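Okay, here's what each chain looks like letter by letter:
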Amino acid sequence: VSTQSTGEFPNSIQLSSTQLNLKMILVGLVVALLGPIYSDAYNNILSLPAPENTENYLLLDDPFQAPLTELTMCAWYRQAYNDTGRYFLSYAVPGSSNELLIGDAGGELRIYMDDKSWTSSYDPQENVWTHICWTWQSETGNVVLQIDGVVVDEDSDFATGETVRTGGAMIFGQEQDSFKGDFVKSQSWLGTLYNLNIWNRAMSKEDLNLVYTDGFCGSGIDSMNPTLSWDDIMTGELKGAASVITGTCNDDAADAADNAADDADDAADGAPPCGTDEKAHNPTCWEQQDKVNFNGSPMGFIQGDVDTAKAACFATKK
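Residues numbered from 1 in each chain as written. Predicted model: local features only at pLDDT ≥ 70, side-chain atom pairs only at ≥ 80, totals over all residues. Heavy atoms only, no water.

### Looking at the environment of Val 151
With respect to the helices and strands, the residue Val 151 is situated in strand β10 (residues 150–155). Put simply, Val 151 and Trp 134 are 17 residues apart on the chain and 9.6 Å apart in space, counted from C-alpha to C-alpha. Contact partners of Val 151, with chain neighbours within four places excluded, come to Val 144, Leu 145, Gln 146 and Lys 205. (Helix = DSSP H or I, 4+ residues; strand = E, 2+ residues; numbered from the N terminus. Contact = heavy atoms within 4.5 Å.)

In structure tokens:
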């Protein structure tokens, strides 16, 4: 089975202003005035190609500056297949090869912390970009799993009282059966990974929604201050055929800028803005609004829900 290692991103996520907290609103205002603010690793996708192997991975040493008693991990990922136990994130410290391990165990999402395992009935899809967020609290053992903006699993008393320790090695693409080694090719993770971030707190469900609705091409996650950011991860060492490929977000942003310029020209010519009664019958209205307001931006400017916005754009002119 070969991995589809193109840089094509999924459709942007659409959101209403009522879903945003103050931080994201402020980021959105900056975007509206100055354009999106992109990190150094924006648009950079980690590609881990087939066939299964023990050579392809990204290594990041000492990713945590302090121990974690709470965490949130969010990422976009697309796996080539889910036939056996394949883990996209493997964090090990001397004496504990499964300090934190996240991936697929033959059709179920499975997470290890210091050799304690938690399994969700969620079945990861093959060759489909998927957004995942997972939270954990040491004090209560509470965990929450969100997939594509929907909470699909919750539990308690997992790894209660444990701590994610410092001084380890984080590897993407291989599972460490010993510190930095003993890889097994049948456990190699094959696919593409983007914008993985880890926070040293268990986010609320509302904050998880903000991460998801920021979208694949959004630029608002940095404002939420990740403890380990995608920028940090992209400084790691690539091994074997692992590579960083360029996605299409910059193309989307350019399209949005072109559409915004077209709308400005229309306004200068006295034409009504897209979405008003005079122009709502235009079949390209929603497409333009989608690109201008959502692609590459952490917030939208169409008020109300998406269906209402679409209905306004596609309304038949009276």
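Having seen it, we continue.
### Considering the side chain of Asn 43
Considering the arrangement of structural elements, one finds Asn 43 in the loop between α1 (22–34) and β1 (44–48). In this structure the side chain of Asn 43 is engaged in a polar contact, spanning 3.0 Å, whose partner is the backbone nitrogen of Cys 249. (Polar contact = N/O pair within 3.5 Å; in protein donor to acceptor, adjacent residues only side chain to side chain.)

### Things to note about the pattern of salt bridges
Overall, the coordinates contain eight salt bridges when judged by the stated rule. Where Glu 99 meets Arg 165, a salt bridge forms, and the shortest distance between an N and an O atom there is 2.8 Å. With Glu 99 in strand β5 (residues 96–105) and Arg 165 in the loop between β10 and β11 (169–172), the pair connects residues that are 66 residues apart, well separated along the chain. Since its relative accessible area comes to 1%, Glu 99 is described here as buried. Taking the relative accessible area as the measure of exposure, Arg 165 reaches 37% and is therefore partly exposed. Put simply, Lys 239 and Glu 237 hold a salt bridge, and the shortest N to O gap is 2.9 Å. Exposure remark for Lys 239: the relative accessible area of 24% places this residue in the partly exposed category. (Salt bridge = Lys/Arg side-chain N within 4 Å of Asp/Glu carboxyl O. Buried < 20%, exposed > 50% of the residue type's maximum accessible area, 1.4 Å probe, protein only.)

### Considerations on the state of the cysteines
On inspection of all chains with the given rule, the structure shows two disulfides. Each sulfur in the disulfide pair Cys 74 and Cys 133 lies 2.0 Å from the other. Sign of the S-S torsion, about 115 degrees for the bond between Cys 74 and Cys 133, identifies this disulfide as right-handed. Here Cys 74, found in strand β3 (residues 70–79), pairs with Cys 133, found in strand β8 (residues 130–137); they are 59 residues apart in sequence, far enough to count as distant. Comparing Cys 74 with Cys 133 shows no difference in burial state: the two are buried. Put simply, Cys 217 and Cys 249 are joined by a disulfide, and their sulfur atoms are 2.0 Å apart. On the sign convention where negative is left-handed, the bridge of Cys 217 and Cys 249, at about -85 degrees about the S-S bond, is left-handed. In this pair, Cys 217 is assigned in the loop between α2 (205–213) and α3 (230–233) and Cys 249 in helix α4 (residues 249–268), connecting sequence segments 32 residues apart. (Disulfide = S-S within 2.5 Å.)

### Let's talk about the packing of aromatic side chains
Here the structure, examined in full by the defined rule, presents 13 aromatic pairs. Ring centres of Trp 76 and Phe 216 lie 4.8 Å apart, and the angle between their planes is 45 degrees; on these two criteria the pair is classed as tilted. Of the two residues, Trp 76 is situated in strand β3 and Phe 216 in the loop between α2 and α3; the sequence distance between them amounts to 140 residues. Neither Trp 76 nor Phe 216 differs from the other in exposure class; each is buried. What makes Phe 216 buried here is its relative accessible area of 0%. In this structure an aromatic cluster arises from ring pairing among Trp 76, Trp 129, Tyr 194, Tyr 212, Phe 216 and Trp 230. (Phe/Tyr/Trp six-rings, centres within 6.5 Å; stacked < 30°, edge-to-face > 60°.)

### Digging into the sheet that holds strand β6 (residues 109–113)
Across the sheet, seven strands lie side by side as β7-β6-β5-β4-β11-β2-β13; this open sheet has antiparallel pairing. Two strands lie at the open edges of the sheet, namely β7 (116–120) and β13 (237–239), each paired on one side alone. Pairwise comparison of adjacent strand axes, ignoring direction, gives a mean angle of 15 degrees for this sheet. In the sheet, strand β2 (residues 57–61) pairs with β11 via four bridges, with the strands oriented antiparallel. Paired with Leu 58 across the bridge in β11 is Phe 172. (Pairing = 2+ DSSP bridges. Axes fitted to C-alpha atoms, helices over the stretch in contact; angles between N-to-C directions.)

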